[in-house]
Amino acid sequence: MSQSFWSPIVHELTPYVPGEQPKGMGLVKLNTNENPYGPSPKVLAAISSVLNDTLRLYPDPTASELRQTIAEYYALSPNQVFVGNGSDEVLAFVFQSLLAHGRPVLFPDISYSFYPVYCQLYGIEYRAIPIDDQMAIVPKDYFGAEATGIGGIVFPNPNAPTGRLMSLLDIERLVAGHPGVVVVVDEAYIDFGGQSAVTLIDRYPNLLVTQSLSKSRSLAGLRVGLALGHPDLIEALVRVKDSFNSYPLDRLALVGAQAAFLDTAYFEETRQRIMDDRDGLTAALKARGFEVIPSAANFVFARHPQYSGAELYQGLRAQSVIVRHFNKPRIADFLRITVGTTAQNQALLTALDRLVAP
Ligand SMILES: *Cc1c(COP(=O)(O)O)cnc(C)c1O
């Protein structure tokens, strides 16, 4: 019974299960919201430029050049910027350093399924606030009885897996209405049509915005995420990071991420293409009878009134098209479909036409 070596908490954990990364070739992979286009050629050139003897040296533990570049991009100062090994790591630090106060944290019931996992890891209680029938977060539900004595609020904007965007005005009301706790806005998908809450940071010391380079900047494989907020919030994250791993970003990630923020032309072109294709995919799904939740992300969340989510997921899989299906109450009939290239989206529609009667 070598499980007896486990620390007590390990027995209790229910780890997050990421979307499948199938090994086979020839699959149309629309299940994990990766960008269908490669990273900027300038990112690849920057990474190549450090593939040399300097790899024997540790990277900059403060990531100062990358943080400077991100600060300039958002008109902030570097002490308002934290970077980590993917926004999942950044979020883990956020839960531990800013949300664990012995009081429950609020997040939507249909949301990023990593949040309850962090809560369990750090022993944080939470209250899942139901989204409405249109799959929207209801801001007023984060006030009143449910919101008394809380330890913080966290939600993605746009929300995942629904794709629905909350307005900047509603976000400001939430942040302004809860000055005593940190409100975390997880902006993993904000570049696909939303307005970032970064512009509120200088007015609200309790606002923390997290972002990822995995989706809009095509760098899921490089693992870079960031947090933006008041210098005191950033310092809390730095203190946890420096008690855990001094070098979460390696030399390749530091220069690659910096090049990604500098190549604004490539970023603008690829995200615009994805937004256009999302709107095309939405119309095509509606024409096939699907209900499609309005999306401001690089995926759509859709269900068909006559076919179950499980049945469509399996039927697509049998045709080598992989989408995401969550076998959970309220959303079991939905498919979350990443917006791919125009050709991948067409392959999805062709496969659906074999499953869904006209
Ligand atoms: C993808 C995603 C993340 C994590 O992104 P990484 O930077 O790849 O770790 C965080 N939050 C949400 C809502 C996501 O969908």
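Look up a bit, the structure's there.
Here the structure is a predicted model, which is why all the values come from computation and not from measurement.

Enquirer: Looking at this model, I keep getting lost on the layout of surface pockets. Mind explaining?
Expert: In this approach the atoms are scanned with a rolling probe the size of a water molecule, which exposes any empty space left behind. The volume enclosed by the largest pocket comes to roughly 580 Å³. Along its surface, the largest pocket is lined by 29 residues, and Tyr-16, Thr-32, Asp-88, Tyr-112 and Lys-215 are the ones closest to its centre. The greatest single-element share of the lining of the largest pocket, amounting to three residues, is contributed by helix α4 (residues 86-99). Considered class by class, the residues forming the lining of the largest pocket number eleven nonpolar, ten polar and eight charged.

Enquirer: How do you make sense of the pairing of strand β2 (residues 81-84) when you look at a structure like this?
Expert: Along any regular strand, the residues point their side chains to alternate faces of the sheet. Of the two faces of β2, the one lined by Val-81 and Val-83 and the one lined by Phe-82 and Gly-84 are each fully buried. Sheet topology note: the β2/strand β8 (residues 225-229) ladder contains four bridges and is antiparallel. Bridged to Gly-84 within β8 is Gly-225.

Enquirer: Teacher, can you tell me more about the pairing of β8 here?
Expert: Burial runs high along β8: five of the five residues are buried. The alternating pattern of β8 places Gly-225, Ala-227 and Gly-229 on one face and Leu-226 and Leu-228 on the opposite face, and all of these are buried. Two elements, strand β7 (residues 207-212) and β8, share five bridges in a ladder whose sense is antiparallel. In the strand pairing of β8, Thr-210 is matched with Ala-227.

Cut-off values and rules
Residues numbered from 1 in each chain as written. Predicted model: local features only at pLDDT ≥ 70, side-chain atom pairs only at ≥ 80, totals over all residues. Heavy atoms only, no water. 1 Å grid on protein atoms, 1.4 Å probe; cavity = no way out; pocket = protein on both sides within 12 Å on 5 of 7 lines; lining within 4 Å. Points joined across faces, edges and corners; volume = space filled by probe spheres on them. Helix = DSSP H or I, 4+ residues; strand = E, 2+ residues; numbered from the N terminus. Nonpolar A, V, L, I, M, F, W, Y, C, P; charged D, E, K, R; others polar. Buried < 20%, exposed > 50% of the residue type's maximum accessible area, 1.4 Å probe, protein only. Pairing = 2+ DSSP bridges.

Such coordinate-based values are descriptive only and should not be taken to indicate function.
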